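Structure assessment
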Amino acid sequence: MGRGRALTPLWKEKCLYDPWYDSGFMGSLETYNGDFNSDGLPSADFHNYSRASNSIFYGSPVTTGVLSNFRFSTMMEIEKLEGAADRSRSFSVNYASGPVTAMLAYEKNHIADSIIYVAGSYLFDKFTLIASYSRTTFAVSDIKLSSGLIAGTYSLKGDTVRLGYGRLHESGNNKVSIGYNHAMSKRTNIYFDIYRERTTKYKNGQAIGINHTF
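Please read these numbers as outputs of a predicted model, since none were measured by experiment.

Notes on the sheet that holds strand β2 (residues 51–59)
Strand-to-strand pairing in sheets goes through backbone hydrogen bonds, with the strands running parallel or antiparallel. Within the open sheet, the twelve strands sit side by side as β1-β2-β3-β4-β5-β6-β7-β8-β9-β10-β11-β12. Their pairing is antiparallel. Unpaired on one side and paired on the other, β1 (2–7) and β12 (202–212) mark the two borders of the sheet. Taking the axes of each pair of neighbouring strands and ignoring which way they run, one obtains an average angle of 20 degrees across the sheet. Of the pairings in the sheet, the one linking strand β8 (residues 144–156) to strand β9 (residues 159–168) comprises ten bridges and is antiparallel in character. Considered in β9, the bridge of I150 is made with Y165.

Pasting the structure below:
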């Protein structure tokens, strides 16, 4: 258990179900992978978009027996902010056993918007199949927004091929991406992505760069 500021259980875990780790850049399918504003209140920047402050966080310890393959995480804001309709809260249940992983999460923000998110993956030798679905409800308008994603990664002698497709069901906005990661060392890799996205119009993109983990 801890207290302070951190990624919500939703945001901490769902990045595993976007081959680009919810980066929001290049080929990332984050917009179609249960994107949600964990704050909701007007602000000058996005520093609280995926994090909660002045909150209590709890993650379940490693266990044995029937629940050994499950992990539980939760978050609750200690005090309601001025101008907020409610205290933000979040929880996730995560499962991992052999080639299978799964996640179920729920989150509500300061203006009472809420999201339900479910995802899973399955490892077939070198190929990992990934899928997710989300349903967001906006409190003021009672409008619902749903998104879906199907993606995969393929390991190739230390390198990784990434591909995926995401769609917002109500608007029809969608994105298809493919990328290649070449490992130069344990902490450094070169990536190349190409993607095509439809919003108000179609746009194509390419990206090449270097990632280094400190």
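There's more to say after this.
A look at the environment of F70
Note on placement: F70 falls in strand β3 (residues 70–77). Given the relative accessible area of 29%, F70 is considered partly exposed. Between the alpha carbons of F70 and S97 there is a distance of 8.8 Å; along the sequence they are 27 residues apart. In this structure, F70 is in contact with S60, V93, N94 and Y95, ignoring residues within four places of it in sequence.

Digging into the environment of S177
Its location among the elements puts S177 in strand β10 (residues 174–183). Exposure remark for S177: the relative accessible area of 4% places this residue in the buried category. Placed 161 residues apart in sequence, S177 and L16 show a C-alpha to C-alpha distance of 16 Å. Discounting residues that sit within four places of it in the chain, S177 has contacts with W20, G27, L29, R162, L163, G164, I194 and Y195. Here G27 takes part through its backbone oxygen, which lies 2.8 Å from a polar atom of the side chain of S177.

So, the environment of F57
Here F57 lies in strand β2. Between the C-alpha atoms of F57 and P9, which are 48 residues apart in sequence, the distance is 8.6 Å.

Things to note about the packing of aromatic side chains
For the coordinates displayed, the defined rule picks out five aromatic pairs. Note on F70 and F72: the rings are 6.4 Å apart at their centroids and 15 degrees apart in plane angle, and the pair reads as stacked. With centroids separated by 4.9 Å and ring planes inclined at 55 degrees, the aromatic side chains of F70 and Y95 adopt a geometry described as tilted. One end of the pair, F70, is in strand β3; the other, Y95, is in strand β4 (residues 89–97), with 25 residues separating them in the sequence. Between K14 and the ring centre of W11, over which it is positioned, the NZ or CZ distance is 4.1 Å. Sitting over the ring of Y195, K175 keeps its end group 4.5 Å from the ring centre.

Some points on the pairing of β2
Sheet topology note: the β1/β2 ladder contains five bridges and is antiparallel. Residue pairing in the sheet places A6 in a bridge with A52 of β2. In this sheet, β3 lies alongside β2 in antiparallel orientation, the contact comprising five bridges. Each residue of the ladder has a partner; that of I56, found in β3, is M76.

Quick notes on unusual backbone geometry
Most of the time, phi is negative for any residue but glycine, and the peptide bond is trans. Notably, N54 is not glycine yet its phi reads approximately 45 degrees, a positive angle. Following the sequence through the fold, N54 ends up in strand β2. One non-glycine residue, D125, adopts positive backbone phi at about 55 degrees. Mapped onto the secondary structure, D125 falls in the loop between β6 (114–124) and β7 (127–137). The class of D125 is exposed, set by a relative accessible area of 68%.

Reading guide: rules and limits
- Residues numbered from 1 in each chain as written.
- Predicted model: local features only at pLDDT ≥ 70, side-chain atom pairs only at ≥ 80, totals over all residues.
- Heavy atoms only, no water.
- Pairing = 2+ DSSP bridges.
- Helix = DSSP H or I, 4+ residues; strand = E, 2+ residues; numbered from the N terminus.
- Axes fitted to C-alpha atoms, helices over the stretch in contact; angles between N-to-C directions.
- Buried < 20%, exposed > 50% of the residue type's maximum accessible area, 1.4 Å probe, protein only.
- Contact = heavy atoms within 4.5 Å.
- Polar contact = N/O pair within 3.5 Å; in protein donor to acceptor, adjacent residues only side chain to side chain.
- Phe/Tyr/Trp six-rings, centres within 6.5 Å; stacked < 30°, edge-to-face > 60°.
- Lys NZ or Arg CZ within 6 Å of the ring centre and 35° of its normal.

In short, geometric facts, not functional conclusions.
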